[in-house]
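Each chain, letter by letter, is given below.
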Amino acid sequence: MVQKSETIWFDGKQVPWDEANVHVLTHTLHYGAGVFEGIRAYECADGSSEVFRLEEHMVRLINSAKILGITVPYTAEELTEAAVETLKLNKLAGAYIRPLVFIGDGAMGVHPGDNPIRTIIATWPWGAYLGEEALEKGIAVKCSTFNRHHVNVMMTKSKACGNYVNSVLAKTEAVADGYHEAILLDTTGHVSEGSGENIFMVQDDVIYTPHADGVLGGLTRNSIITLANDLGYEVREEPLTRDMLYVADEVFFTGTAAELTPISSIDRRQIGSGIAGPVAKLLQTEYFKIVKGENSDYEHWLHRYSI
């Protein structure tokens, strides 16, 4: 359950949490044409707080909207300031941040006409998305019966609300079948991504991940590739098949919510030792040092604030 905060930033104003409401005929509620981001703020070792790659998330939000033909009525800088303001008002040293741009009520039909574009930024406390144990022991995953969208069916580079019906179906199926999460293949049968995560595998100390052409360009994905390269690992972006995952030394998910979560089994086949492998553990440890402000080499990724 989401833990309520005091306020939500709504169209330029701070609104009490329970009053941040919309009409039931809100266009995006019916047709899914909206965009969102998931962002994390962390409490740092020195007592300050930071938001990880905040400005880049807001740029991606605006670009996602542009892909759908939606003009966001705020700049990335204004949205960045609004997110920090909301964190401070809610006294959150660490939090999950959810910006959402959606089409409001007015015209009812597939074409939204001149319906208003609405924008919110909500913040709330949130721990490990897949559970604290998952960061160490890993999770059980299945390859979904649902395929990821073809690039000419949906706009796969937009973090669009409607795209995630695909994710809901895959995740719901996986949980119903006794798994923690799903891996979706693309329409050619190659590995694409999780329901809300990018995926990596390790074989003989080389890290592989599906090419960015067919997946959402995750900022955590980008961060892990950069970090892995800086640590001396070779990272290859190329097509992967699910049987390659079965025999990999390690497989792990990355994402704002998932952070870096190892995969212990896929389709009831144990991956590696069945727990977090050495490469995943090293990347996970170094990633958490970065987001907690303990590695000054990556300070440019942090937006500092104090409550």
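All of these numbers come straight from a predicted model, not from anything done at the bench. (Residues numbered from 1 in each chain as written. Predicted model: local features only at pLDDT ≥ 70, side-chain atom pairs only at ≥ 80, totals over all residues. Heavy atoms only, no water.)

## A closer look at the packing of aromatic side chains
Note the cut-off: In this scheme Phe, Tyr and Trp rings, the latter by its six-membered ring, pair at centre separations within 6.5 Å, and the angle between planes marks the pair as stacked below 30 degrees, edge-to-face above 60, and tilted otherwise. Helix and strand assignments come from DSSP, with helices taken as H or I runs of at least 4 residues and strands as E runs of at least 2, each series counted from the N terminus. The rule is simple: take the accessible area with a 1.4 Å probe, protein chains only, and divide by the maximum for that residue type; under 20% is buried, over 50% is exposed, in between is partly exposed.
Taken as a whole and judged by the stated rule, the model has 11 aromatic pairs. Ring centres 4.9 Å apart and planes at 65 degrees place the aromatic pair Phe36 and Tyr164 in the edge-to-face group. With a gap of 128 residues between them, Phe36 in strand E3 (residues 34–36) and Tyr164 in helix H5 (residues 164–176) connect regions that are remote in the sequence. Looking at Phe36, the relative accessible area reads 11%, which means it is buried.

## Quick look at the nonpolar core
How we decide: Take the buried Ala, Val, Leu, Ile, Met, Phe, Trp, Tyr and Cys residues and link them wherever side-chain atoms come within 4.5 Å; each set so joined is a nonpolar core.
Counting residues in each nonpolar core, the largest one holds 25 residues, and the members touching the most others are Phe52, Ile207, Ile224, Leu227, Phe252, Leu283 and Tyr287. Of all the secondary structure elements, the ones that give two or more residues to this core are strand E11 (198–203), helix H6 (219–230) and helix H8 (278–291). Here this core gets seven residues from one element, more than from any other, and that element is H8. Among the nonpolar cores identified, the runner-up in size contains 24 residues, and Leu54, Met58, Val101 and Ile103 belong to it.

## Digging into the packing of helix H2 (residues 54–67) against helix H3 (residues 76–89)
The following threshold applies: Comment: axis = line fitted to C-alpha atoms, over the contacting stretch for helices; angle = value between 0 and 180 degrees taken between N-to-C directions. Angular relationships are summarised with four words: roughly parallel below 35 degrees, roughly antiparallel beyond 145, roughly perpendicular across 65 to 115, and oblique for the angles in between. A crossing counts as left-handed when the near helix is turned anticlockwise from the far one by less than a right angle, and as right-handed when that turn is clockwise. Whether two residues touch is decided by their heavy atoms; if any such pair falls within 4.5 Å, the residues are in contact.
In contact at an axis separation of 9 Å, H2 and H3 are set at 125 degrees when each is read in the N-to-C sense. Considering their axes alone, H2 and H3 lie oblique with respect to each other. In the crossing of H2 with H3, the sense of the turn from one axis to the other is right-handed. On H3, the residues touching Leu54, Glu55, Met58, Val59, Leu61 and Ile62 of H2 are Ala76, Leu79, Thr80, Ala83 and Val84.

## Points about the pattern of salt bridges
Note on pairing: side chains with opposite charge can pair once their charged atoms come close. Threshold: Definition used for salt bridges: Asp or Glu carboxyl oxygen within 4 Å of a side-chain nitrogen of Lys or Arg.
Evaluation of the coordinates by the stated rule reveals 16 salt bridges. Between Lys171 and Glu181 there is a salt bridge, with its nearest N and O atoms 3.3 Å apart. Of this pair, Lys171 sits in helix H5 while Glu181 sits in strand E9 (residues 181–185), placing them 10 residues apart in sequence. Its salt-bridge partner being Arg304, residue Glu299 comes within 2.9 Å of it at the nearest N-O pair.

## Observations concerning the domain arrangement of the chain
Selection rule: Domain ranges listed in this record stem from an automatic or a database domain assignment. For any pair of parts, buried area is found by adding up, for both, the accessible area (1.4 Å probe) each one loses once the two are put together. Counting of polar contacts relies on pairs of N or O atoms within 3.5 Å, with two restrictions inside protein: one atom must be capable of donating a hydrogen and the other of accepting it, and residues adjacent in sequence are counted only when both atoms are side-chain atoms. Classification convention: Asp, Glu, Lys, Arg as charged; Ala, Val, Leu, Ile, Met, Phe, Trp, Tyr, Cys, Pro as nonpolar; all other residues, Gly among them, as polar.
Splitting the chain by domain gives domain 1 (7–124) and domain 2 (132–291). Inter-centroid distance (C-alpha atoms) of domain 1 to domain 2 is 26 Å. Contacts between domain 1 and domain 2 engage 22 residues on the former and 20 residues on the latter. When the two sides are added together, the surface that domain 1 and domain 2 hide from each other amounts to roughly 1700 Å², 61% of it contributed by carbon and sulfur. For domain 1, the biggest contributors to the area lost against domain 2 are Phe36, Phe52 and Arg60; these three give 33% of the whole. Summed over the shared surface of domain 1 and domain 2, the result is one salt bridge. Ionic pairing is found between Arg40 and Glu259, a salt bridge with its closest N-O pair at 3.7 Å. One can count 13 residue pairs in polar contact (both at pLDDT 80 or more) joining domain 1 with domain 2. Per-element accounting of the side of domain 1 that touches domain 2 gives the leading share, five residues, to H2. Broken down by class, the residue content of the side of domain 1 that touches domain 2 amounts to 10 nonpolar, six polar and six charged.

## Re the pairing of E9
Definition in use: Here, strands pair whenever DSSP counts at least two bridges between them. If the strands point away from the viewer and the path from the first strand over the helix to the second runs clockwise, then the crossover is right-handed.
Summarising burial for E9: five of the five residues are buried, a large majority. Side chains of E9 alternate between two faces, with Glu181, Ile183 and Leu185 and Ala182 and Leu184 buried alike. Pairing between strand E8 (residues 139–143) and E9: three bridges, direction parallel. Note that in E9 the partner of Cys143 across the bridge is Ile183. After leaving E8, the chain enters H5 and then returns to the sheet as E9, a path that is right-handed.

## So, the side chain of Ser167
Mapping Ser167 onto the fold places it in helix H5. Residue Ser167 is classed as buried on the basis of its relative accessible area of 5%.

## Some remarks on the layout of surface pockets
Rules: Buried and open spaces are told apart on a 1 Å grid over the protein atoms alone, a cavity being a set of points where a 1.4 Å probe fits but cannot get out and a pocket being an open set with protein on both sides within 12 Å along at least five of seven lines. Residues with an atom within 4 Å of a point are the lining residues. Grid points are joined across faces, edges and corners, and a volume is the space filled by probe spheres set on the points.
The calculated volume of the largest pocket comes to roughly 1300 Å³. Together, 50 residues line the largest pocket, and Phe36, Glu37, Tyr96, Arg98 and Tyr164 are the ones closest to its centre. Taken together, the residues that form the lining of the largest pocket break down as 23 nonpolar, 19 polar and eight charged. Each of domain 1 (7–124) and domain 2 (132–291) accounts for three or more of the residues forming the lining of the largest pocket.

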